[in-house]
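Results of the structural survey
Read off the chains here:
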Amino acid sequence: MDGERSMKRRVVSAKKSAPRKKLPAKKKPVAKRPAPAKRAAAKPKLAAEPSQFATAAGGPWGKCFLPRKAGERRYWLVKSEPEVFSWDDLTAATDRTTHWDGVRNFAARNFLRDGMKHGDQVFFYHSMANPQAIVGICEVAREAYPDYTAFDPAHPGFDAESSPAKPTWFMVDLRAVDKMPSPVTLPMIKRAKALAQMALLRIGRLSVTPVTEREWRAVRALAKE
DNA sequence: GCCAACGTTGGC
DNA sequence: GCCAACGTTGGC
């Protein structure tokens, strides 16, 4: 345990959203939402099962949950804001390894909890950064286990609905393998035809996404240009 | 700073 | 199950 408290996938806490625009007049007025305290106490929805997610998404991403051939290795991408936890932070960590806490999105959690296996290779992407880019490669050093930062009321990742007996959120351990020879920036990724279907570009703003073997090779080739 | 995209909540 | 409100992500 290294005692760090950072959340790799930062939950921006201080920022307040701007007020919503006025709704068109045709929309009927709706009762006010309950007070935050009441909402916080409400039951969360059940998480979608990975198979459901795969079906609903209709894309190729469900494949990352399928059984593997012996020795099959799969590929992933994780995002982190370097101001919160950077590639350099990872390489400076004990054993170049850290627990990847802070994932608080069900789809991302499913990829992390049910998809990631020991030895899988993972791109490390800097978001909210200049440049926004894949900057390194790490690997899954430990498969999913409960994200204990969700149990700590003092931690920004606290979630009262998650308990040690029935954890909602999970983390893996990631170990730095190699820095990219050069950063593969978001514009480079967007320009590359081979990467047009990449989950990074296609599904929401997930902090954990699958990468196909073809995409993996394409990104690595971009770093060598 | 802006805002599109998307997830979640919860009244109905 | 629908959908308005609202919160967050994260590129621009």
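What counts, and at which threshold
Residues numbered from 1 in each chain as written. Chains lettered and ligands numbered in written order. Predicted model: local features only at pLDDT ≥ 70, side-chain atom pairs only at ≥ 80, totals over all residues. Heavy atoms only, no water. Helix = DSSP H or I, 4+ residues; strand = E, 2+ residues; numbered from the N terminus. Buried < 20%, exposed > 50% of the residue type's maximum accessible area, 1.4 Å probe, protein only. Arc of directions from axis to C-beta. Contact = heavy atoms within 4.5 Å. Polar contact = N/O pair within 3.5 Å; in protein donor to acceptor, adjacent residues only side chain to side chain. Pairing = 2+ DSSP bridges. Axes fitted to C-alpha atoms, helices over the stretch in contact; angles between N-to-C directions. Core = buried A, V, L, I, M, F, W, Y, C linked by side-chain atoms within 4.5 Å. Salt bridge = Lys/Arg side-chain N within 4 Å of Asp/Glu carboxyl O.

So, on to unusual backbone geometry. Between N130 and the following residue, P131, the backbone shows a cis peptide bond with an omega angle of 0 degrees. Within the element layout of this structure, P131 appears in the loop between β3 (121–126) and β4 (133–146). Its identity is not glycine, yet D95 carries a phi of approximately 60 degrees, on the positive side. Here D95 shows up in the loop between α3 (87–92) and β2 (97–99). A positive phi is found at R96, a non-glycine position, where the angle reads about 50 degrees. For R96, the location among the structural elements is in the loop between α3 and β2.

Attention now moves to helix α7 (residues 213–223). If you check which residues of α7 are buried, you get E215, W216, A218, V219, L222 and A223. Around the axis of α7, the buried residues are gathered within 165 degrees of arc, so they sit on the same side. In α7, the exposed positions that point more than 90 degrees away from the buried face belong to R214 and R217. Summarising the contacts, the buried residues of α7 are in contact with β1 (75–80), β3, β4, β5 (170–185), α5 (186–191) and β6 (208–211).

Attention shifts here to helix α4 (residues 106–115). In terms of burial, α4 is largely enclosed, as 7 of its 10 residues are buried. The complete set of buried residues in α4 reads A107, A108, R109, N110, F111, L112 and G115. Its side-chain oxygen at 3.0 Å from the backbone nitrogen of A107, N105 defines the N-terminal cap of α4.

The subject of this paragraph is the side chain of H99. Structurally, the position occupied by H99 is in strand β2. Under the relative-accessibility criterion, H99 is labelled buried at 6%. Polar side-chain contacts of H99 include one of 3.4 Å to the side chain of Y148.

Next up on the list: the sheet that holds β5. Ordered in space as β2-β5-β4-β3-β1-β6, the 6 strands form an open sheet in which the pairing is mixed. Each edge of the open sheet carries a strand with a single partner, namely β2 and β6. Pairwise comparison of adjacent strand axes, ignoring direction, gives a mean angle of 35 degrees for this sheet. Note: β2 against β5, 3 bridges, orientation antiparallel. Bridge pairing links H99 to D173 in β5. Sheet contacts for α7: β1, β3, β4, β5 and β6; angle to β5, the most-contacted strand, approximately 45 degrees.

A separate point is the environment of E139. The topology assignment puts E139 in strand β4. Along the primary structure E139 and D173 are separated by 34 residues, whereas in three dimensions their C-alpha atoms are 8.3 Å apart.

So, about the nonpolar core. Residues W100, F111 and M116 are the most contacted members of the largest nonpolar core, which totals 30 residues. Residue assignment for this core shows that the elements contributing at least two residues are β1, α3, α4, β3, β4 and β5. Not counting residues within four places of it along the chain, the set of residues in contact with M116 comprises R68, W76, V78, F111, V122, V140, E143, V172 and V208. The next biggest cluster of nonpolar side chains, apart from the first, holds 21 residues, and it includes F123, M188, V211 and A218.

A word on the pattern of salt bridges. Scanning all chains against the criterion turns up 7 salt bridges. When the shortest N-O distance is used, the salt bridge between R74 and E72 registers 3.0 Å. E139 is the salt-bridge partner of R175, the closest N and O atoms lying 2.9 Å from each other. Placement of the pair is R175 in strand β5 and E139 in strand β4, with a sequence separation of 36 residues. Residue classification places R175 among the partly exposed positions, given a relative accessible area of 27%. Salt bridges linked by common partners bring D95, E139 and R175 together as one network.

Another aspect to go through is the pairing of β4. In terms of burial, β4 is a largely internal element, 10 of the 14 residues being buried. Connecting the antiparallel pair β3 and β4 is a turn made up of 6 residues, with M128 showing a positive phi of about 50 degrees. Here β4 pairs with β5 via 10 bridges, running antiparallel. Looking across to β5, one finds that E139 is bridged to R175.

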